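Structural overview for review
What follows is each chain in one-letter form.
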Amino acid sequence: MSGLQGVGLLLLWGSACLWLPGPARGALIISGTNEALQETGGAARSLQKRSTNELTVEVYSVTVDCTVTSRFAHTVMTSKALNRANRSQEIFFEVELPKTAFITNFSMEIDGEVYVGEVKEKEKAKKQYEKAVSSGQTAGLVKASGRKMEKFSVSVNIAAKSNVTFVLTYEELLQRKLGQYEILTRVKPKQPVQEFKIVTNIYEPQGIAFVNTHANFLTNELLPLVEKTVTDKKAHISFSPTLEQQRKCQGCDETIIEGDFIIKYDVNRAQGLGDIHIVNGYFVHFFAPPDLPRVPKNVVFVIDRSGSMSGHKMHQTREALQAILKDLHEEDHFALVAFDNSIEVWRESLTKATKENLSEASRYVSNIHSRGSTNINDAMMRGVRMLIEDREEKKLPERSIDMILLLTDGNPDGGKASLPVIQKNVRTATGGNMTVFCLGFGNDVDYPFLDVMSRENKGLARRIFEGSDATVQLQGFYEEVSSPLLLEVDLRYPDNAVDFLTTNHFNQLFNGSEIVVAGRLTDNDLDNFLVEVYGQGFEEDFNVQGQASAVDWDVIYPGEEYIFGDFTERLWAYLTIQQLLDKSKTGATDEKANATAKALDMALLYSFVTPLTSMVVTKPKTEDGTESPLIADKLTEEQRQLAERMSHRYVPTRAHYPVMNYLPPTHFVDGDPHFMIELPDREDALCFNINDKPGTIFNLVRDPTSGILVNGQTIGDKKTPPDGKINTYFWRFGIVHKTLGVRLDVSTEDIWVLQDGKQVKLLWSDTAGLKGPNVDLLLTKDRSLTVTLRDSVKFVILLHKVWKRHPYHRDYLGFYTLDSHLLSPSVHGLLGQFYHGIEYEVSDLRPGEVPEKPDATMFVKGQELNVTRGWQRDFRRDVKNGENVPCWFIHSNGTGLLDGDFTDYIVSGLFKTV
């Protein structure tokens, strides 16, 4: 076979990216025609291994242009390439976009001829879809990509010496969460591009309160390239590194740019009606008044403790609940209902959230363990009944909100009720007087069941993704709904002035969120456009009314009329379609059918790719005269869940030994010193000790890609104990993040923080918080220091205080990694080498020297090791006594498990790499 085959060229970016699937790396894929096409996946080679002279496709432009007008974001992603070869090449365009967005346009321009995707009804596109599948083409262009993104990809055959321009456009209404809006652009160029640009313009007539921008790939050299200009009502952010500035190293073809480019902002807010924008006969009303007192809540936590919740899920649930309990306000009331096939309540009625009650509830939560089947029906009925009885007995504040928060990971398999019966039972029991939130844990949960049950009861469902941050996800969702400000909110407009109104009644307004209503004006006579907002507040009703007035956009933004166009109409259409899609899941059969039909009509009218529509992309005819239509579909949450199940086929080999429950997983070193590698996927752990002379400095973590370095220095006992063995402990840690310019020196005596030439000293006798743009520190007096380095890693350092007059021992430190998933694959060190997991098998369990500590044979890294089942102590929850964690102990300083010898990790200084 001749010609360039499967060469990975990279284009990409912003919520978009062009890259090569499979083993090759790159965003743009080029291959020869015919036979070469068949071998693209296997024959792809890395571009950096080829000389410039061999490069026959030039990607010369990759741009992301985002315009946000009154929260409505319009994003255009454009990539341009030239085929310099003397033969045709197959090129793939691949980008990532937020899953909340609707694709509105896709086009390819090839030698002056434009090929445009067409949005059609999904059923009518089905025949073309089936034709594409039967011909061996990839029919589904959109795939799930992580939690927030979807991946769009298409390929086209480009003739010799031809140009191609790919353009993808999508739109979305930005949602306000926890007091801010977020614009996410995913960048994965993989290698330098001649023109690389991200440009965002934000237009907010209310006035812009703040704009923050960050990306995990921004080094000190790249940071000045982020240009940010913020005036009262406009913000401009751009990032455009040159070809050389994109290079990871001088003269190489690797790029340093890879990750998420994130912009967060909020607008100014005044008490009153909110903000109304009117353009071209359509209006949009934003309502999120500041400084309202929160309404007390009565929340029943319904907690799944069935067998499928065992291990890591149960630990994360307990940890999240304990954190959530601490955030309850004293005027709140709460209850705990734990369930499997049986139901258990902490107390028979709701309890006021006093300090004493919360402390007792936390102890109860710590003792919830998994067992049995999943009787959701009876658990929900018990929670509803508790709220009803307490209301009847007037134990709850009159002006308060009743909430049920269900957390489960599986399908109901206990009790006699079917899924529709459970939904009906809950709907009937609440009587429309309660809000139900359902959190579905993992890939096996029946999400559609939870989604409908929530929507039918004024709430919503959220999937909790399995991973090290599941606890954070649980807490984050609770934070969104934990502070209601108004109940039963109505936004009212004159009947004769507006029509085609989106939902204008809302059950609650939560702190940090926003209500949005849009509609069409029946005429332009704003003299009669009287607006009223009503809601039930904490102590009194909220009721304001006033005359709406049109913003003169030409005066606020002179010379920029083109940015506005029909954005209010498209915002109205986007919001209407979203709400109709929600309605199509609940209610009577005819209501669902009517909502579906209306949503389909509007999606076709405004060219939105939704779950009801598809974009048909017809590529240019090939040499044999055939066309290859491809279909871009919008994924539902159920389809995303199915795709994730299919991608998790690997089932790790489990150790043939029972394990005990333990805290959420981490990698840590503590004690004298013992190292622990916890592996949640296997419900197992590995451990080893390192014994060397006092004063030795070891490298624990080193990631050359992100610039993170963690070293630790040991200290010995004051004098030789009676047994003759000098114990060593870590007493000092040096932490460096070169990219962020942060350095920490943490010892048993004090803590020094150095950033941007400024030095701060903290004492362990303090309780303090230090929050900066690149590092957050939380110091708990004489106990722990939590270090969060922006977009990279989170550590906790524990202080172990020893009696000053102890004849032998000294104060020492423990080091725990809480979140390392953003570190690169090149991370290493005594702890770092295990951050991305390790493969091993354990067999031949046999008696050991100590009866309760059997030996076994471990196969790891091509070696056969004798290991012992034992335990090490995790001190995160109990700094004094610790908790035993079962693990396989690797003898001789971790020999066979570690890469190389433990002495290879000795460095010459606390901030040295060698």
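As a reminder, the structure under discussion sits directly above these lines.
Here is a short report on the structure shown in this document. (Residues numbered from 1 in each chain as written. Predicted model: local features only at pLDDT ≥ 70, side-chain atom pairs only at ≥ 80, totals over all residues. Heavy atoms only, no water.)

Description of the overall build of the chain
Short version of the rule: A helix here means a DSSP run of H or I that spans at least four residues, while a strand means a run of E at least two residues long, and both kinds are numbered starting from the N terminus. Three labels apply to residues, based on accessible area from a 1.4 Å probe with only protein chains included: buried if under 20% of the type maximum, exposed if over 50%, partly exposed otherwise in between. Contact definition: two residues touch when any of their heavy atoms are within 4.5 Å. Accessible areas in this description were obtained via Shrake-Rupley with a 1.4 Å probe; residue shielding takes into account the shown protein chains only.
Within the chain one finds 15 helices and 52 strands. Relative to its full complement of 914 residues, the chain shows a buried share of 56%. Taking contacts inside the chain between residues at least 6 apart in sequence as the whole, the part at least 24 apart equals 67%. In the structure as shown, the chain presents an accessible area of about 39100 Å², 48% of it carried by carbon and sulfur atoms.

Overview of the sheet that holds strand β32 (residues 541-547)
We apply this condition: We treat two strands as partners when DSSP finds at least two bridges between them. Think of each axis as a best-fit line through the C-alpha atoms, taken over the contacting stretch in the case of a helix, with angles from 0 to 180 degrees between the N-to-C directions.
Judged by pairing direction, the sheet is antiparallel, and its 4 strands sit side by side in the order β29-β27-β31-β32 without closing on themselves. If you trace the sheet from one side to the other, it starts and ends with β29 (505-510) and β32, each paired once. Within the sheet, the average angular offset between the axes of one strand and its neighbour, ignoring direction, is 25°. Pairing geometry for strand β27 (residues 484-492) and β29, over 5 bridges, is antiparallel. Residue pairing across strands places Pro484 opposite Phe510, the latter belonging to β29.

Let's talk about the packing of aromatic side chains
Heads up, the rule is: Only the six-membered ring of Trp is used, alongside the rings of Phe and Tyr, when aromatic pairs are assigned; centres must lie within 6.5 Å, and planes under 30 degrees apart are stacked while those over 60 apart are edge-to-face, with the rest tilted. We call a charge positioned above a ring when the Lys NZ or Arg CZ atom is no farther than 6 Å from the ring centre and deviates by at most 35 degrees from the ring normal.
Summed over the entire model, instances satisfying the criterion amount to 31 aromatic pairs. A ring pair is formed by Phe283 and Tyr493, whose centres lie 5.1 Å apart and whose planes are at 55°; its orientation type is tilted. Placement of Phe283 in strand β19 (residues 282-287) and of Tyr493 in the loop between β27 and β28 (498-499) is noted, with a sequence separation of 210 residues between them. One exposure class covers both Phe283 and Tyr493, and it is buried. On the numbers, 6.5 Å between centres and 40° between planes, the contact of Phe698 with Phe902 is tilted. Of the two residues, Phe698 sits in strand β38 (residues 697-703) while Phe902 sits in the segment after α15 (891-894), which places them 204 residues apart along the sequence. In this pair, the class of Phe698 matches that of Phe902, namely buried. Among the aromatic side chains, those forming a connected cluster through ring pairs are Phe675, Phe688, Phe698, Phe730, Phe733, Phe795, Phe815, Phe834 and Phe902. Above the face of the Trp888 ring, Arg869 is positioned so that its terminal group lies 4.7 Å from the ring centre.

Regarding the side chain of Thr213
Considering the arrangement of structural elements, one finds Thr213 in strand β14 (residues 208-215). Excluding its chain neighbours within four sequence positions, the residues that come into contact with Thr213 are Val226, Lys228, Ile237, Phe261, Ile262 and Ile263.

Details of helix α8 (residues 419-430)
Note the cut-off: In a helix, the anticipated span is given by 1.5 Å times the number of residues less one. Summarising the geometry, the arc corresponds to the directions from the helix axis toward the C-beta atoms.
For α8, built from 12 residues, the straight-helix expectation of 16 Å at 1.5 Å per residue is met to within 8% by its first-to-last C-alpha distance of 17 Å. The set of residues buried in α8 consists of Ile422, Gln423, Val426 and Thr430. Down the axis, α8 shows its buried residues gathered within 100° of arc, on one side only. The exposed set on the far side of α8, more than 90 degrees from its buried face, consists of Pro420 and Thr428. On the buried face of α8, the contacting elements are α7 (376-392), β25 (435-441) and α9 (447-455).

Some words on the sheet that holds β28
The strands that make up a sheet pair up through hydrogen bonds in the backbone, lying either parallel or antiparallel. Taking strand neighbours across the sheet as the criterion, the 4 strands line up as β18-β19-β30-β28 in an open arrangement whose pairing is antiparallel. Where the open sheet ends on each side, the last strands, each with one partner, are β18 (275-279) and β28. With 6 bridges joining them, β19 and strand β30 (residues 515-521) adopt antiparallel strand pairing. If you follow Phe287 over to β30, its bridge partner there is Ile515.

Points about the packing of helix α12 (residues 567-583) against helix α13 (residues 589-606)
What counts, and what does not: We call two directions roughly parallel when the angle between them is under 35 degrees, roughly antiparallel when it is over 145, roughly perpendicular when it lies between 65 and 115, and oblique otherwise. Less than a right angle of anticlockwise turn of the near helix away from the far helix marks a crossing as left-handed, whereas a clockwise turn marks it as right-handed.
Two elements in contact, α12 and α13, have axes separated by 8 Å at closest approach and are oriented at 150°. As the angle between them shows, α12 and α13 are arranged roughly antiparallel. When the axes of α12 and α13 are compared, the crossing they make is left-handed. Contacts between α12 and α13 involve Glu569, Arg570, Trp572, Ala573, Thr576, Ile577, Leu580, Leu581 and Lys583 from the first element and Lys592, Ala595, Lys598, Ala599, Met602, Ala603 and Tyr606 from the second.

So, to be careful, I would describe these as geometric facts and stop short of saying anything about function.
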